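Structural overview for review
These are the residues of each chain, in order.
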Amino acid sequence: MSRPGFVLEVDERTPPLLVHEGENFRLERLPHGSRVIYPPDSLPGIKDLDGAIRRALLNPHGMDPLPELLTPGMRLTIVFDDLSLPLPSMRSPDVRQRIIEQVLEFAAAKGVDDVELIAANALHRRMTPAELKHIVGERVFRSFFPKHLTNHDAEDRENLVHLGNTHEGEDVEINRRAAESDLVVYVNITSTAMSGGPKSVAVGLASYRSLRHHHNVHTLQHSRSFNDPPNSAMHHSYHRMADLLGGHVKIFTIETTLNNDTFPSAARFLNKREWEWNYADQATYLATRRGNGLLKPAMRRRLWHKTEAPYGVTGVHAGAPSEVHPLTLKNVHRQQLTEVDGQADVAVYGLPYIGPYNVNSVMNPILVMSLGLGYFFNLYVNKPIVREGGVAIFYHPMPNEFHPVHHPSYIDFYEEILAETTDPAVIEAKYEKQFATDPWYTHLYRKSYAYHGVHPFYMWYWGAHAMQHLGEVIFVGADRKTAARLGFRAASTLNDALELASHTVGTSPSITYQHMPPLTLASVR
Amino acid sequence: MSGAKKGGARRTGGSLRGDLAMLRKNRDLRGRAMTPRGYPTASGSTGGYGSGDEDTTTFPTAWARTPAAGAVRNILQRGVLKPYAWAKTRPTIEGLDLLEGLRGPAVFVANHSSHLDTPLILGALPRRISDRTAVGAAADYFFTSKAVSVTTTLVFNAFPVDRYGRRRGGPSLPAQLVDDGWSLLLFPEGTRSHDGWMTAFKRGAARLCLSMGVPAVPIAVRGTFAAMPRGASLPTRNATRLVVRFGRPLYPGKEEGTAEFQARMLKQVAALWAEEDLGWYQSLRAAEEGKLHLPEGREPALPVTRTPVERGRPVADWRKVWESTRPSGPDGNPRVWRN
């Protein structure tokens, strides 16, 4: 049986603890009395995964078995999560491939000819053929690419359909093919509690016109947190949209959850608790850290992004989205949730090399902000791990570095907008529309491999709740100029950071370190 | 893939020496770290190495009790370990005459403050006994890696002991060993002393003696804390006298319960311990008159020291270590009678 998550209080026995900092990591000595949140041990994966998928498809929740929903002459659309999930990428065969293959077996047996596969990438960049192949597998790729295996295009006006407005006036506009299909089969990986459920189709296949209703400063500041759906204004909006969608589109969803086997056995120490490291783990740590230091940044990045995780699948549930998602969330909590007593004055987070929007790419400063103040800060339910007015200390080198193909609008956002202001509300009011409708960014999104022009805005809004909540944000090891541009402070060491923080929280603050990755969701009482 | 800006082209990482220092911090020579006190183990206790959750008590040790392994062990113990330990520490062995009448298996129980305790006790015992003695070793310390498990088992005829008392299925290995005629050497404190002072005994050894009907032989080891405390990998010669003192075998009474027998065992070890300070006769009298300060719960024994200590009043850690490392008198001889 896997060991549950726990909160460790640092004492004189505690060895230095691992902290991620971009493509590298360090051992850090936290002050005695600091608390460290560890997730539960990795749960065992399902041994007979193909059998589990088959059973899920044949015994769905709230819907007829999949074969009974398939008829000759029908329009079937299979939609799947894009490369932003999971992180790092899953070692082949990806669970989406295994599910899609079984769905297609049923469809073939029923004589369904009109089948399309669409990646639900919303305003994310298109996936390259190689990336698509990695997710769906060679057999599916060969059968459907390029005509019937595509990326969703949120700027293809002809292939979007406006289904109506929610009672709050939110536009629901999604991919026409999906909207006009007899059945949409959605294949999902729920890595965090914010994913899956009503988000899948309502966000993954939507357009800017639809997304702006929940991806905005006001909604995100009232999503506390967006990993706690009942307390997330963003999820309330998703639900309203999903309800409207449900009246138009028949959706059969298949949701999966993964365990915490985030790193391959060669980097086993990253999955272990530090006091359990043996000599081999210590040697690997040292070799990896020193090797990292010797490699050129581009090579180092390539190496890390090639790392694929040997995840085990902890759950497969299929059927009606509203019935499946609660089961999925239970599995996510089983793997990630750790109970924490009370908030701290200072929260510490180590940010890794990868986030949802820099797979096979560069983690630019805006993505660092979004990963830290957006994703990691929001990995809580009930209350943040740090009190209001407290300090968050993040570890990341935050180089002033951008991927010109993937993130062109980010470069301009950084150079032009952040030089003016870092206030999310001002940025939204003054600049969002201009970037969102810029024809050059739209062209790059549709024809190249660029994120949509508005995407850096969304990343900035992602951190709006944290910016509002925190008294101070300090990045350890960060490029000082870059951190200053983002409105944050940089420190060389943890001690320096605590010294800077002392102006806000005093000289003896309580400290909580959320030990990630693997992902830990703190349930703060 | 190229960066629009080159600001990120710096190399990461500090010095190798710094990395090594961080890795070594709070780890022993074998690279292991103590489980932090705040870590909740399955048994609710804390304190071992590693997670304390993996089942390390199932390491097979029967091979070490074969004649071939015994022959190898004999060479290692008598040819290497004992000469080295004796040359380094020059121990005084007392009370061996009390073991002359001992026949059949017995459970040797000793206080524990150093890795040196086991080789000294085994080296001190007559061969007829030491050759038939197996040593209980902490499963979560000595049996967490294969190499160390094999070495410990071969050199000391060790078997894994779960010091957190978690219940597992199957018959108890120590009971089986006693049944097969092996004597056992156990350290009922469960771990080495942090300051050289004796702490309370766990009940396992007493329970074993009662259930198997075998005697317990009390042993007090003094001076090993000074010679090779926690964290040290080799013994050092110093001015503190090192004594291994055997007591008279204690046979469990017919009506005696575990708690009573454990108390008797503890009292005898404490008396032997005090003998170094009080002399033989005075320690006997102190034991008879109930004047020995026996350890209770987490409170250590209060040895007779040259500086005053009071029951119920905590003694500073440094003073405990101070007393445990106090050099012996100028004569260096054991005191039989107190002046």
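Residues numbered from 1 in each chain as written. Chains lettered and ligands numbered in written order. Predicted model: local features only at pLDDT ≥ 70, side-chain atom pairs only at ≥ 80, totals over all residues.

On to the overall build of chain B, then. Check the secondary structure of chain B and you find 12 helices and 7 strands. Here chain B, with 339 residues, has 42% of them falling under the buried criterion. Sequence-distant contacts in chain B: of pairs separated by 6 or more residues, those separated by 24 or more amount to 73%. (Helix = DSSP H or I, 4+ residues; strand = E, 2+ residues; numbered from the N terminus. Buried ≥ 20, exposed ≤ 12 C-beta atoms within 10 Å, placed from the backbone. Contact = placed C-beta atoms within 7 Å.)

Moving on to the domain arrangement of chain A. Residues and elements named next belong to chain A. Each domain of chain A was delimited in the assignment, giving domain 1 (6-41 + 336-524) and domain 2 (49-258). Every contact between the two is made by 30 residues of domain 1 and, on the other side, 27 residues of domain 2. Elements supplying a minimum of two residues to the side of domain 1 that touches domain 2: strand E15 (380-381), helix H16 (424-436), helix H17 (439-447), helix H18 (455-462) and helix H19 (464-469). Classifying every residue of the side of domain 1 that touches domain 2 gives 21 nonpolar, 7 polar and 2 charged. (Domains from an automatic or database assignment. Nonpolar A, V, L, I, M, F, W, Y, C, P; charged D, E, K, R; others polar.)

Quick look at unusual backbone geometry now. Here Met516 of chain A and Pro517 of chain A are connected by a cis peptide whose omega angle stands at -20 degrees. Its place among the elements puts Pro517 of chain A in the loop between strand E19 (511-514) and strand E20 (521-524). Residue Pro518 of chain A follows Pro517 of chain A across a cis peptide bond; omega there is 0 degrees. Looking at where Pro518 of chain A falls in the secondary structure, it is placed in the loop between E19 and E20. Despite not being glycine, Ala122 of chain A shows a phi value in the positive range, around 45 degrees. Structurally, the position occupied by Ala122 of chain A is in the loop between strand E6 (114-120) and helix H4 (129-136). Of note, the phi angle at Arg90 of chain B is positive, near 45 degrees, even though the residue is not glycine. Among the structural elements, Arg90 of chain B can be located in the loop between helix H2 (67-89) and strand E1 (92-94).

Let's shift gears to the packing of helix H8 (residues 204-212) of chain B against helix H10 (residues 258-278) of chain B. All names here are of chain B. With their axes 9 Å apart at the nearest point, H8 and H10 run at an angle of 115 degrees to one another. Two packed elements cross with a definite hand, and for H8 against H10 that hand is right-handed. Note on element contacts: H10 touches H8 through Thr258, Phe261, Gln262 and Met265, opposite Ala205, Ala206, Arg207, Cys209 and Leu210. Across the contact of H8 with H10, the residue classes break down as 6 nonpolar, 2 polar and 1 charged. (Axes fitted to C-alpha atoms, helices over the stretch in contact; angles between N-to-C directions. Left-handed = near helix turned anticlockwise from the far one by under 90°.)

The next subject is the sheet that holds strand E7 (residues 149-151) of chain A. Residue and element names in this part refer to chain A. What the 6 strands build is an open sheet, ordered E7-E6-E5-E10-E11-E12; its pairing is mixed. In the strand order of this sheet, the two ends are held by E7 and strand E12 (313-319), each with one partner. For this sheet, the mean angle separating the axes of adjacent strands, direction not counted, is 15 degrees. As judged from the 5 bridges shared by strand E5 (residues 75-81) and strand E10 (residues 183-190), these two strands associate in the parallel manner. Across the sheet, residue Phe80 finds its bridge partner in E10, namely Val187. Here helix H1 (residues 49-58) sits on the sheet in contact with strand E11 (251-258) and E12, set at roughly 20 degrees to E12. (Pairing = 2+ DSSP bridges.)

Now for the pairing of strand E3 (residues 133-138) of chain B. Residue and element names in this part refer to chain B. Counting buried positions along E3 yields 6 of 6 residues, so the element is predominantly enclosed. Because side chains alternate across E3, one face comprises the buried residues Thr133, Val135 and Ala137, and the other comprises Ala134, Gly136 and Ala138, equally buried. Here E3 runs beside strand E5 (residues 183-186); their pairing, made up of 3 bridges, is parallel. In the strand pairing of E5, Ala134 is matched with Leu184. Here 4 bridges tie E3 to strand E4 (residues 158-161), and the two strands are oriented parallel to one another. Counterpart to Ala137 in the pairing with E4 is Pro160.

Residues and elements named next belong to chain B. Pairing is mixed across the open sheet formed by 7 strands, whose spatial order is E1-E7-E6-E2-E5-E3-E4. Each edge of the open sheet is held by one strand with a lone partner, namely E1 and E4. Sheet twist, expressed as the average angle between the axes of neighbouring strands with direction ignored, equals 25 degrees. For strand E6 (residues 216-222) and strand E7 (residues 243-246), the ladder comprises 4 bridges, and the chain directions are antiparallel. Paired with Arg222 across the strands is Val243, a residue of E7. The strands touched by H8 are strand E2 (107-110), E5 and E6; relative to E2, the strand with the most contacts, the crossing angle is about 160 degrees. Seen against the sheet, H10 touches E2, E6 and E7 and runs at an angle of roughly 35 degrees to E6.

Bringing the environment of Gln77 of chain B into the picture now. All names here are of chain B. Topologically, Gln77 is positioned in helix H2. You can call Gln77 buried: it has 21 C-beta atoms within 10 Å. As for Gln77 and Gly231, which are separated by 154 residues in sequence, their C-alpha atoms are 22 Å apart. Those residues in contact with Gln77 that lie beyond four places of it in its chain are Lys82, Leu122 and Gly123.

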